[in-house]
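These are the residues of each chain, in order.
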Amino acid sequence: MTFHAMTERYEEITVCGKPALFTSIRIKRDTVPDGLYAYDVRHDDECRGIPCEIAPFVMVNHWGTIILAEPLELPDDGRRYIDEDTDWNYAPLDGEGTTHHKPCTTISDFMTAYAH
């Protein structure tokens, strides 16, 4: 089952140093607004709940969907293996200029904060 991107609520996280929205559900790609990029996340084969791969589509071990304001660099095979220490952070983007940032929970909030 897939869901409409604009009606869901998300967690704001950081993926590969970029602000992203995360949900554990599958998002219909044709409902993601132009200028945003959606990817599926696969979890580990041992089912320990560790995100391990980002790809345009994941069939087995689907962990969730991420949405970003800019595309991720993916290898030629279209799959990026996640380094849990450097690529995946459940905290919103932090740093200079984000002190008063309210974490985004909707696509509209995210587009206001990050879309170019």
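For the structure, check the block above.
Residues numbered from 1 in each chain as written. Predicted model: local features only at pLDDT ≥ 70, side-chain atom pairs only at ≥ 80, totals over all residues. Heavy atoms only, no water.

Now for the packing of aromatic side chains. Applying the stated rule across the entire model yields three aromatic pairs. With a centroid separation of 5.9 Å and 85° between ring planes, the pair formed by Phe 22 and Trp 88 is classed as edge-to-face. With Phe 22 in strand S3 (residues 18-23) and Trp 88 in strand S9 (residues 88-89), this pair connects stretches of sequence that are 66 residues apart. By relative accessible area, which is 6% here, Phe 22 ends up buried. Note on Trp 88: relative accessible area 6%, which makes it buried. Ring geometry for Trp 88 versus Tyr 90: centroids 5.9 Å apart, planes at 85°, classification edge-to-face. Each residue in the set Phe 22, Trp 88 and Tyr 90 is aromatic and connected to the rest through ring pairs, giving one cluster. (Phe/Tyr/Trp six-rings, centres within 6.5 Å; stacked < 30°, edge-to-face > 60°. Helix = DSSP H or I, 4+ residues; strand = E, 2+ residues; numbered from the N terminus. Buried < 20%, exposed > 50% of the residue type's maximum accessible area, 1.4 Å probe, protein only.)

The subject of this paragraph is the sheet that holds strand S8 (residues 80-81). The sheet built from seven strands is open, its strands ordered S8-S6-S5-S7-S3-S2-S9 with antiparallel pairing. Bordering the open sheet on either side are S8 and S9, each of which pairs with just one other strand. One ladder, built from four bridges, connects S3 with strand S7 (residues 62-68); its direction is antiparallel. Across the sheet, residue Leu 21 finds its bridge partner in S7, namely Ile 67. Packed on one face of the sheet, helix H1 (residues 107-114) meets strand S2 (11-15), S3 and S7 and runs near 175° to S3. (Pairing = 2+ DSSP bridges. Contact = heavy atoms within 4.5 Å. Axes fitted to C-alpha atoms, helices over the stretch in contact; angles between N-to-C directions.)

Another aspect to go through is the pattern of salt bridges. Pairs can form between side chains of opposite charge once their charged atoms are near each other. One pass over the full model with this rule turns up nine salt bridges. Across the salt bridge formed by Arg 26 and Asp 40, the nearest N and O atoms sit 3.7 Å from each other. One end of the pair, Arg 26, is in strand S4 (residues 26-27); the other, Asp 40, is in strand S5 (residues 37-43), with 14 residues separating them in the sequence. Note on accessibility: Arg 26 and Asp 40 belong to one class, buried. (Salt bridge = Lys/Arg side-chain N within 4 Å of Asp/Glu carboxyl O.)

What follows concerns the environment of Thr 86. For Thr 86, the location among the structural elements is in the loop between S8 and S9. For the pair Thr 86 and Thr 112, spaced 26 residues apart in sequence, the C-alpha separation works out to 26 Å. Of the polar contacts made by the side chain of Thr 86, one reaches the side chain of Asp 87; its length is 3.4 Å. (Polar contact = N/O pair within 3.5 Å; in protein donor to acceptor, adjacent residues only side chain to side chain.)

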